[in-house]
Structure formats: structure tokens, C-alpha cells
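Structural description and commentary
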Amino acid sequence: MMELSEIIGVEAVRAPLKATSKKRLLQDIAEMTESVYRLPDDKVYKALMERETLGPTGVGRGVAIPHARLPGMSEVVGLFARLEKPVDFESIDRQPVDLVFALFAPEAAGAEHLKALARVSRTLRNESVCAKLRSTFDASAIYATLTDGKHEGQATQGSVPREPEPVRPEPK
């Protein structure tokens, strides 16, 4: 099963993010993507906006999972933002969004993109995870909560706790 630590590092967590609208939020995500993954922010923004025209990626309960496929990528990567104040994201439940996990995949990615989306969705459907994420603006604590794995329901009695994943170096 894909782990969130495979697609996001602590350097890809921003908190607090001070976006004031959905458009500004997507622009901020595009700029983060350029700074963390060296992907051109104009192409990222355009891809996110095109995806939003197919239907908003606000999945409810204050959570959005904007995602796009981009040329020139070799693997699925993610970003997480905890907003300072919730913004309207045209979510399915009409609730404003304050937790955003953006995913980017290679154009040809099929199953990997879908596995990553499913993993993010499962994680952010967990109310206790979302409560922990909302309780702090500390990027390291947010990263630890996202990559914990215990909220997945996979930990069984007697299982050995995982060592924290090392922070991935920034791509060159």
C-alpha cells in the first residue's frame, strides 16, 4: 500500500497558508510546487484550474484534494497546506476549506495516481486525523500526523511502531 511519506516530505507542508480565495489558494499551491519540486508554477496553476472545471475537488468537511497530471514528471508528489482561515472552495457540502492536500502525477500515471488519491482521501476522511491537523500550524507536527499510518486502521495488536521516514532531499 502506498504511504503518504512516499509522496510528500516535510518541506512540502505549509502552515499557516494565508490564502483568501480558491483562486489565490491554487496560485499559492502552484508557487509551492515550483519551490519544492521545481515544476513551473504557471503550468501547475493552469492544470489545477482545468481540473477544477471538471468538478470541484473540495471533498467535504473542510478538506480539498486538488490534483493534476503534468508533463515532465517521473513520480507522484504531494503538498499539504493548513490554511490560516478557511476559504470557499465550492465543496460538495458547501463548507469552506482549511485542509488542502494537492497531488501531482505524470501525464501517463494511471494506477499510481489513483492509489495516491485513494490514500490521501482515506487519510483525510478520518476525523481524528483532521482534528490533529487543525490543532497546529507546526509543519513537522502536521507531517508526522499525515505520515503516521496508525490512522489507516492498518496497525494491529502487537505491531511494531514504524520509525519516522527520513526527509527526502529536495530534487535538483
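A quick note: this is a predicted structure, and the numbers were derived from the prediction, not measured. (Residues numbered from 1 in each chain as written. Predicted model: local features only at pLDDT ≥ 70, side-chain atom pairs only at ≥ 80, totals over all residues. Heavy atoms only, no water.)

Description of the environment of R134
- Along the polypeptide, R134 turns up in helix α4 (residues 127-134).
- Considering only alpha carbons, one finds R134 and E84, 50 residues apart in sequence, at a separation of 9.7 Å. (Helix = DSSP H or I, 4+ residues; strand = E, 2+ residues; numbered from the N terminus.)

Considerations on the side chain of T136
- Assignment of secondary structure puts T136 in the loop between α4 and α5 (139-146).
- A polar contact is formed between the side chain of T136 and the backbone nitrogen of D138, at a distance of 2.9 Å.
- Look past the residues within four positions of T136 in its chain and what remains in contact with it is R82, A141 and I142. (Polar contact = N/O pair within 3.5 Å; in protein donor to acceptor, adjacent residues only side chain to side chain. Contact = heavy atoms within 4.5 Å.)

A short note on the nonpolar core
- The biggest cluster of nonpolar side chains holds 53 residues, and the ones touching the most others in it are I7, L25, I29, L79, F80, F101 and F104.
- In contact with I29, not counting residues within four places along its chain, are L48, P66, L79, V100, A102 and F104. (Core = buried A, V, L, I, M, F, W, Y, C linked by side-chain atoms within 4.5 Å. Buried < 20%, exposed > 50% of the residue type's maximum accessible area, 1.4 Å probe, protein only.)

Thoughts on the pairing of strand β5 (residues 77-87)
- Counting buried residues in β5 gives 8 out of 11 residues, a clear majority hidden from the surface.
- Here strand β1 (residues 13-17) pairs with β5 via 3 bridges, running parallel. Counted as the bridge partner of V13 is F80 from β5. (Pairing = 2+ DSSP bridges.)

Topic: the environment of A105
- Considering the arrangement of structural elements, one finds A105 in strand β6 (residues 97-106).
- For A105, a relative accessible area of 0% corresponds to the buried category.
- In this structure the C-alpha to C-alpha distance between A105 and A116, which are 11 residues apart in sequence, comes to 9.2 Å.
- Sequence-distant contacts of A105, defined by excluding residues within four places in its chain, comprise A68, R69, L70, M73, V76 and H113.

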